[in-house]
Amino acid sequence: MNTSTAPQDAFERERLDNVRPPDWHNPPPADRYGFVVIGGGTAGQVAAYEAAALGARVALIEHGLFGGNCLNVGCVPSKSIIRTSRLYAEMRNGEQYGAQVPLDIRVDFAAVMRRMRGIRARISREESVRRLVAANVDVFFGDARFTGTDTLAVDGTRLRFNKALIATGARPDTPSIPGLAEAGYFTNETVFNLTEAPRRLLVIGGGPLGCEMAQAFCRLGVKTIIAQERPLFLPREERDAAQILADSFARDGMEVRLNARAVGVRVENGQKVVDLVTDGETSTVTVDAILTGTGRVPNVDELNLEAAGVSYDNAIGVHVDDFLRTGNRRIYAAGDACLADKFNHTADASAHLAVRNALLSGRQRVSAFVIPWCTYTDPEIAHVGLYVRQALERKIPVKTFTVPMHDVDRAITDDEEMGFVKIHVKERTDRILGATIVARHAGEMINEITLAMVAGIGLETIAHTMHSYGTQAEGIKLAADAFSRTRVKREIPSPLRRWLQR
Amino acid sequence: MQNTDPARMIDEQRLDQLQHDAFSYFLQAVNPVTGLVADTTREDSPCSIAVVGFALSVYPVAVARGWTQRADAVERCLKVLRFFRDSDQSGAPDATGYKGFYYHFLSMDTGARVWRSELSMVDTALLIAGALTAARYFTASTAAEIELRELVELLYRRIDWRWAQDEQGVIRQGWKPECGFLHYVWQGYNEAIVLYVLALGSPTHPADGSGYEAWTVTYQWENMYDYDVLYAGPLFIHQFSHAWVDLRGIQDRFMREKHSDYFENSRRAIMVQRAYAERNPNEFAGYDDCCWGLTACDGPDRGIPELAQRLDPRHHLFGYAARGVPFGPDDGTLSGWAVLASLPFAPEIVLRSAGTMLERYPGMLSDGRYTTSFNPTLAPNDPHADYDSSSRSSSAWYSTGHFGLDQGILVMMIENHRTGLIWQLMRGCPYIVAGLRRAGFRGGWLS
C-alpha cells in the first residue's frame, strides 16, 4: 500500500487520524490469538469485526492505511470525482434538457479534488482504527511475516494464532514499458494526490479503472487519450456494452486508440512522448501525464508464506480451496489476495465466509457466490451471473430478453437512453442465468437481478411484481414482460387461441 | 412515427432498371488490363477483393438477363482469375496475397497491396464465393470456360484455411506482414457463414471443424422488440452469406435448437430494423417503418464543419462505420441499397419501403444507382419540415459516388428474389454442400 497522501489539509489530517493515527503505538501482544487478520482493508476489517463479535481474541495487522484500496485509492475517491465529472458533462449538455448552458464553464480541478478528500475523510470515520479497537481487536501497524505454521512476526513482535486470515489485498500491476518508469506515471494509488490537472493525459489500459478515470478526466477538461491493447474496451463484457462505451467516449471528445499497445516512453522538452503500435504501425502521442490502469496483482510476496506452508503465486495470489482455506488448515484467505473477482463486495462477502468457515467449522463455498459488478463509466456497465458464451460453453441453452433503454420512459425523460437491459434465462424456463445492464444507473439496477438469482426468483415473478413507474429499473420489468408474452402465447390452449383469433 | 404514406411499391420494371443500373457499376469500375474492380467510383479508389467476388457473381446474372454477351463475361472472368493465379503470393508487404488469401485492397493497375491493408480471410471468401459462382454458371465445354473452371479450382484449392485458424479453431480476421495475425476475433453473429462453409468444404486444406462451433458459441439469441432473433446490428450481416448460400429451410445445430433458420432470421432482422426506425430514439429526420436501413456504409463525417453544424450537439457523426440497431452507432444515416438488398426475405415490405424511400429521397440514386448512404437530418434545409406534397420529395445529405459492395449485393439479391439464380448455382456446388454439412447444416434442400 502506497502511504503517500494528498496535500495535508484538514481532510487529510482527519483521514490519516482515522486510518493511521500518527501517534499510534502497537499494543503488547496476547499470548495467543484465536484469530489473526493480516490486512486492514475491507476484507480484513469485516473479518476482524465478525471474529471479535463471535468472541474470538482477535489481532489485525496493517502495514499501510486502514480502509485499503477502496477507501483510500479506489472506489471512494474515484466515485467522488466521477460525480463531479458527470455534473460538468451535464452542464455542457444543458441545452438538451432545455436548460441554459452556463456561459463560463470552468473546471476548478483543485476544488474537485478537495471535495473528494472531504468525502474520503468522512467515510474514513467508519473505517477508523479506533472503532476496531473499541470492538476488542488488537491493532498492529507494521509488516507481517509468517515465521511458522501458527506464528508470525510484526516488525519483530511475535504473534501466535489458532486461525489466521490473509487479507492483504492487491496493488496496481504496472505494465513493463521501456522508459515508463523514468518518465514517471500515475496509478490509482497516486493519481488522487493531484491538485492540478494535467493538460493532456494518456490512459494506458481499457479495463474498468482505465475507462472510469479516462472519462472522468476528459469531462474535467483534460485532453485525454485512452489506449487499449485489445480491439474493444472492457474485454470481459459483451460486445454491445463495449461498443456503446466506445461511442460514449467519442461523444465526450476523448481520443480512443483501440488495438494500440504502448511500446516506449521518453521525455522530450518536458513532455512525455509515447509510441503506440497498432497492427504493426507505430504512432506517437505527446502528453503531460500518463495514468496506467492495466490490472492489479495480489500482495502476497512479502509474507514469507513458505514458512507457513501456504502456496501462492504472484498472478493468482494465495491458493485457496472452495472454502477459502489455504494449504495450511489454520490459515484462510479472503478478498483481492486470493480472488479473481477483485471487488469491494467480494472482499466483504468472502471475509464473512472465511470467518464462519474458520471459526464455526462452516462449509460455505465461495463458488456459490452470485457476484455482481459495475464499471462506473457513463453509461455504467453492470453484470451479474453468466454471460451467454459461458452458458453455451456449459451446454445450457440460453435466451436473452433485451430492452433498449430508449423503451424506458424514465430514461427518455432523463435523456439517458443510451444502453440496455439484457437478462439471460435458461431457454423455455424463467430461470435467470445472468444479466448485463448498460444504463446511467446500471449499478443500482443490477442489484434487483442479483437478489432474484440468489433467492431463486424467476423472470415470471419479476413480471408479476409491480415496479414503481418513473424508475429506470422499469427496464427490468419490461424485459420480464417480454418473457411473459412469449410464455402466454405458448401456454394458451389451441381452442382458446383459435377463439381469440376469430 | 408511423408512416402514413400511400404505398409506393417498386414494380417489376423499376426493379429491373435498378438491378441493371447496379450491374453497370462493374462495367464502369473495372481495370481493362487486370480485370480488378474498384472498391468505389471515387478518385484513386483501389480494388477491393470482395468487390471482385461480387463482380464474378453478377457477370452470370448479366448474361442470363441479356445485358452482356456470354463471351464478354467469360473474358472478364478469365482476365481477373488469371491475374490472381499469377499474382505474387509471397506475403511480402507489397505482394498480392499469401497462403492463397489476398490482401483486402490492391492497386488497380498492378494488384500490389495498398493502404497497408490486411490479408483478409472474409474478403478472400467473398472473392472465392464469386469465383465458384462463375464456375457453376460457365459450364460450357469451350476452351475459355474450361480454363475458367480450372482457374477457380486452382484458386480455391490453394487457400490454406487451417493456417488461418487460432487455437480454438476460430478463423482469424486478418494477417499483416508487419505484425502477423490481427487481434480481432469473430465474436457474435456476423457475415462469416460463407467463410466457414468455404473453409470447411475445401478438398485440400479444410479448416478444422471445431472453429464453427467455437464461433457459434458466441451467438446471442435475443428477444428484442418482441422478435426472437439471432442478433446482429448492421443489416449487411443478414445479407452477405445469404447472397450466395440458400439458407432457406436448412439448419445448423444452433438454428435447430431455436426452431428457426438464417433466412427467417434475416426476415426478423428487418422487423427489428423497422421497429427501431419507428421508435427513432434519436429523433432523426425521415425514420419510420418504411424508411430504415442501418448498415455498414460510408457516411457524413464530423470533419465537415457545415454538416456538424446541422446536427444536434448531442449527436455525433461517424463517417465510415458499421451502423446498426438498436444500439447504434446511429447518426441518422441510412442506406437505401441495404433495404432493397433485403428483398428475398420480406418482398412486400421491402418493395414498399424501398419505393417510399426513393420517392422521398430521389437523390439517393445517381446515374440510376444507389449512393452508399443518405442522411435526411443533415439536409441543407429544415429536415423536419413536411416534404413538398406535390413532388413528394424531401431533401437530405447524400453520399457521393458508388460502392461496389452495395451494387454487387443489390444485383445478387434482386436476382435471388426474381429467379433464385445464384442460390441455384451454389446449391450445385459440391464444396458449398460439403462445407454446409461439415458445419452441421441439415434438412431442406440439403436432405
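Residues numbered from 1 in each chain as written. Chains lettered and ligands numbered in written order. Predicted model: local features only at pLDDT ≥ 70, side-chain atom pairs only at ≥ 80, totals over all residues.

**Considerations on the overall build of chain B**
- Counting its regular elements, chain B contains 16 helices and 15 strands.
- On the principal axes, the C-alpha backbone points of chain B span a range of 60 × 50 × 45 Å.
- Relative to its full complement of 447 residues, chain B shows a buried share of 57%.
- Sequence-distant contacts, at least 24 apart, represent 70% of the contacts inside chain B between residues at least 6 apart. (Helix = DSSP H or I, 4+ residues; strand = E, 2+ residues; numbered from the N terminus. Buried ≥ 20, exposed ≤ 12 C-beta atoms within 10 Å, placed from the backbone. Contact = placed C-beta atoms within 7 Å.)

**Digging into the overall build of chain A**
- Counting secondary structure elements, chain A contains 17 helices and 23 strands.
- Relative to the compact-globule value of 23 Å for 502 residues, chain A shows a C-alpha radius of gyration of 25 Å, a close match.
- Each principal axis of the C-alpha atoms in chain A carries an extent, and together these give about 85 × 65 × 45 Å.
- Sequence separation of 24 or more characterises 67% of the internal contacts of chain A that already satisfy a separation of 6 or more. (Rg over C-alpha atoms; globule rule 2.2 N^0.38 Å.)

**Points about the domain arrangement of chain B**
Residue and element names in this part refer to chain B.
- The domain boundaries assigned to chain B delineate domain 1 (1–14 + 228–430) and domain 2 (31–218).
- The distance between the C-alpha centroids of domain 1 and domain 2 comes to 26 Å.
- On the domain 2 side, the residues contacting the 28 residues of domain 1 number 28 residues.
- Only α8 (240–244), α14 (404–418) and α15 (421–427) provide two or more residues apiece to the side of domain 1 that touches domain 2.
- For the side of domain 1 that touches domain 2, the element with the highest residue contribution is α14, accounting for seven residues.
- Broken down by class, the residue content of the side of domain 1 that touches domain 2 amounts to 20 nonpolar, six polar and two charged. (Domains from an automatic or database assignment. Nonpolar A, V, L, I, M, F, W, Y, C, P; charged D, E, K, R; others polar.)

**Some points on the nonpolar core**
- With 152 residues, the main nonpolar core has A131 and Y196 of chain B as its most contacted residues.
- Sorting elements by how many residues they give to this core places helix α4 (residues 121–137) of chain B first, with 12 residues.
- In terms of domain composition, this core takes at least three residues from each of domain 1 (1–14 + 228–430) and domain 2 (31–218) of chain B.
- Not counting chain neighbours up to four residues away, the residues in contact with Y196 of chain B comprise I171, G211, Y212, W215 and A439 of chain B.
- A197, I423, A452 and A480 of chain A belong to the second-largest nonpolar core, a separate cluster that totals 93 residues. (Core = buried A, V, L, I, M, F, W, Y, C linked by C-beta atoms within 7 Å.)

**Overview of the sheet that holds strand β3 (residues 101–103) of chain B**
Residues and elements named next belong to chain B.
- What the five strands build is an open sheet, ordered β2-β3-β5-β6-β7; its pairing is antiparallel. Both outer strands of the open sheet, β2 (97–98) and β7 (180–181), are each paired with one neighbouring strand and no more.
- Summarising the sheet, β2 and β3 pair through two bridges and their orientation is antiparallel. Paired with G97 across the bridge in β3 is Y102. (Pairing = 2+ DSSP bridges.)

**Comments concerning the sheet that holds strand β13 (residues 281–287) of chain A**
Residues and elements named next belong to chain A.
- Ordered in space as β11-β12-β13, the three strands form an open sheet in which the pairing is antiparallel. Strands with a single pairing partner mark the edges of an open sheet, and in this sheet they are β11 (261–268) and β13. Within the sheet, the average angular offset between the axes of one strand and its neighbour, ignoring direction, is 25 degrees.
- Here β11 pairs with strand β12 (residues 271–278) via seven bridges, running antiparallel. Bridging across to β12, E268 finds its partner in Q271. (Axes fitted to C-alpha atoms, helices over the stretch in contact; angles between N-to-C directions.)

**Some details on the interface of chain A and chain B**
- Opposite the 32 residues of chain A that make contact, chain B presents 27 residues.
- Ranked by residues supplied to the side of chain A that touches chain B, first place goes to helix α9 (residues 239–252) of chain A with seven residues.
- Residues of the side of chain A that touches chain B, tallied by class, amount to 10 nonpolar, nine polar and 13 charged.

**A few points about the confidence of the model for chain B**
Residues and elements named next belong to chain B.
- Here chain B averages 94 in pLDDT, and 96% of its residues register 70 or above.
- Contacts from residues 386–391, a stretch scored under 50 in pLDDT, to residues over four places away or in other chains number five contacts.
- As scored by the predictor, the complex reaches a pTM of 0.94 and an ipTM of 0.93. (pLDDT = per-residue confidence, 0-100.)

**Things to note about helix α3 (residues 70–86) of chain B**
Residues and elements named next belong to chain B.
- Between its first and last C-alpha, α3 extends 24 Å over 17 residues, near the 24 Å set by a 1.5 Å rise per residue.
- Where α3 is concerned, the buried positions are A73, V74, R76, C77, V80, L81, F83 and F84.
- Those residues of α3 that are buried lie in contact with α2 (49–64), α4 and α5 (143–157). (Expected span 1.5 Å × (residues − 1).)

**Remarks on the environment of Q309 of chain B**
- Along the chain, the position of Q309 of chain B falls in helix α11 (residues 305–310).
- Separated by 69 residues in sequence, Q309 of chain B and L378 of chain B place their C-alpha atoms 8.9 Å apart.

**Quick look at the packing of helix α4 (residues 75–92) of chain A against helix α8 (residues 208–219) of chain A**
Residue and element names in this part refer to chain A.
- At a minimum axis distance of 8 Å, the contact between α4 and α8 shows a crossing angle of 45 degrees. The angle between the axes of α4 and α8 places the two elements in the oblique class. Relative to α8, the crossing made by α4 is left-handed. On α8, the residues that touch S78, I81, I82, S85, Y88 and A89 of α4 are E212, M213, A216 and R219. (Parallel < 35°, antiparallel > 145°, perpendicular 65-115°, else oblique. Left-handed = near helix turned anticlockwise from the far one by under 90°.)

**Quick word on the domain arrangement of chain A**
All names here are of chain A.
- What the domain assignment lists for chain A is domain 1 (10–172 + 297–368), domain 2 (180–294) and domain 3 (379–491).
- At the junction of the two partners, domain 1 supplies 16 residues and domain 2 supplies 16 residues.
- Secondary-structure elements contributing two or more residues to the side of domain 1 that touches domain 2 are α4 and α5 (109–124).
- Looking at which element gives the most residues to the side of domain 1 that touches domain 2, the answer is α4, with seven residues.
- When its residues are assigned to classes, the side of domain 1 that touches domain 2 shows 13 nonpolar, three polar and no charged.

**Focus: the packing of helix α1 (residues 10–19) of chain A against α5 of chain A**
Residues and elements named next belong to chain A.
- Between α1 and α5, the least distance of the axes is 8 Å, while the angle of their chain directions is 25 degrees. Taken together, the axes of α1 and α5 lie roughly parallel to each other. Crossing angle aside, the handedness with which α1 passes α5 is left-handed. Here F11, E12, E14, R15, N18 and V19 of α1 lie close against α5, whose contacting residues are R117, G118, R120, A121 and S124.

**Thoughts on the environment of I171 of chain B**
Residues and elements named next belong to chain B.
- Within the secondary structure, I171 sits in the loop between α5 and β6 (174–176).
- Judged by the 26 C-beta atoms lying within 10 Å of it, I171 is buried.
- For the pair I171 and A199, spaced 28 residues apart in sequence, the C-alpha to C-alpha distance is 8.9 Å.
- If we skip the residues at most four places from it in the chain, I171 touches M121, A164, Q165, W186, L195, Y196, A199, A207 and G211.

**Structural notes on the pairing of strand β8 (residues 221–224) of chain B**
- Here β8 of chain B shows a buried face lined by W221 and N223 of chain B and a second buried face lined by E222 and M224 of chain B.
- As judged from the three bridges shared by strand β21 (residues 398–404) of chain A and β8 of chain B, these two strands associate in the parallel manner. Each residue of the ladder has a partner; that of F401 of chain A, found in β8 of chain B, is N223 of chain B.
- Of the pairings in the sheet, the one linking β8 of chain B to strand β9 (residues 227–230) of chain B comprises four bridges and is antiparallel in character.

**A few points about unusual backbone geometry**
- Residue P379 of chain A is bonded to the preceding D378 of chain A through a cis peptide linkage, with omega at 5 degrees.
- Relative to the helices and strands, P379 of chain A resides in the loop between β19 (372–375) and β20 (380–385).
- The amide bond that connects G328 of chain B to the next residue, P329 of chain B, takes the cis arrangement and shows omega of 0 degrees.
- With respect to the helices, strands and loops of the structure, P329 of chain B is situated in the loop between β11 (321–322) and α12 (336–340).
- Phi is positive for N136 of chain A, close to 70 degrees, though the residue is something other than glycine.
- Within the element layout of this structure, N136 of chain A appears in the loop between α6 (129–134) and β3 (137–141).
- For D367 of chain B, which is not a glycine, the phi torsion comes out positive at approximately 55 degrees.
- Position of D367 of chain B relative to the elements: it lies in the loop between β12 (365–366) and β13 (369–370).

**Digging into the pairing of strand β9 (residues 223–228) of chain A**
Residue and element names in this part refer to chain A.
- Extensive coverage of β9 is indicated by the burial of five of its six residues.
- Pairing geometry for strand β8 (residues 200–204) and β9, over five bridges, is parallel. Paired with I204 across the two strands is A227, which belongs to β9.
- In the classification by handedness, the crossover that spans β8, the intervening α8 and the parallel β9 is right-handed.
- Relative to strand β10 (residues 255–258), β9 is paired through four bridges, and the arrangement is parallel. (Right-handed = clockwise from strand over helix to strand, strands pointing away.)

**What to know about helix α13 (residues 347–360) of chain B**
- Here α13 of chain B is 14 residues long and its end C-alpha atoms lie 20 Å apart, about the 20 Å a rise of 1.5 Å per residue gives.
- Within the span of α13 of chain B, buried status applies to V350, L351, R352, S353, A354, G355, T356, M357, L358 and R360 of chain B.

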